[in-house]
Amino acid sequence: MNQTIYKGKIPFYNGNHATYMGGKPNYEDGSDWRENIPFRAILTITDYYRGRSSVTISLEDDAGHKYEMFLSEFMGLVLHDWKPCIWHEGARIEGLFAFVKRGANYGIVALEDE
């Protein structure tokens, strides 16, 4: 699964990945924009959400930070036997992740190890 990661900054709100951020961040309310740096994590699948333009899988790391993955990216993992991730019991996936942008929405994607 060869993915092109997003080259711009990624929105966060109160330390969590924000899937949509209309306009510029308002630093007084806890939002900010961060560089898209690939990160290694073990993420627990916690829920799914249906928005106006996308369906996402909600994931959370051990520190409680929340991330969203587009259903299309998630199904790519399922259909490829979780490669490049490692599946753990308890609905947990381990791998290298970065952010992608689809329209006005942001989500994470699993990357191949370098």
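See the structure printed just above.
Keep in mind that what you see is a predicted model, and the values were worked out from it rather than measured.

Asker: Explanation requested: the side chain of S54 in the structure shown.
Answerer: With respect to the helices and strands, the residue S54 is situated in the loop between β4 (39-50) and β5 (55-60). Setting aside its immediate chain neighbours within four residues, S54 contacts Y49, F70 and N105.

Asker: I tried to follow the pattern of salt bridges on my own but got confused; where do I start?
Answerer: As a working rule, side chains carrying opposite charge can pair if their charged atoms are close by. One pass over the structure, following the stated rule, counts five salt bridges. For K9, the salt bridge identified is with E35, shortest N-O distance 3.5 Å. Taken together, the positions of K9 in the segment before β1 (10-13) and E35 in the loop between β3 (31-34) and β4 put the pair 26 residues apart, joining distant regions of the chain. A relative accessible area of 42% means that K9 is categorised as partly exposed. Across the pair E73 and R102 runs a salt bridge, and its minimum N-O distance is 2.2 Å. Of the two residues, E73 is situated in helix α1 (residues 71-79) and R102 in strand β8 (residues 92-102); the sequence distance between them amounts to 29 residues.

Asker: Would you take a moment to explain the pairing of strand β9 (residues 105-111) for this structure?
Answerer: Note on strand geometry: in a regular strand, side chains alternate between the two faces of the sheet. In terms of burial, β9 is a largely internal element, seven of the seven residues being buried. The alternating pattern of β9 places N105, G107, V109 and L111 on one face and Y106, I108 and A110 on the opposite face, and all of these are buried. In terms of strand pairing, β8 meets β9 through seven bridges, oriented antiparallel. Residue F97 lies in a different strand from β9, and its bridge partner there is A110. Taken together, β8 and the strand that follows it, β9, pair antiparallel across an intervening segment of two residues, in which G103 is found at a positive phi of about 65°.

Criteria and thresholds
- Residues numbered from 1 in each chain as written.
- Predicted model: local features only at pLDDT ≥ 70, side-chain atom pairs only at ≥ 80, totals over all residues.
- Heavy atoms only, no water.
- Helix = DSSP H or I, 4+ residues; strand = E, 2+ residues; numbered from the N terminus.
- Contact = heavy atoms within 4.5 Å.
- Salt bridge = Lys/Arg side-chain N within 4 Å of Asp/Glu carboxyl O.
- Buried < 20%, exposed > 50% of the residue type's maximum accessible area, 1.4 Å probe, protein only.
- Pairing = 2+ DSSP bridges.

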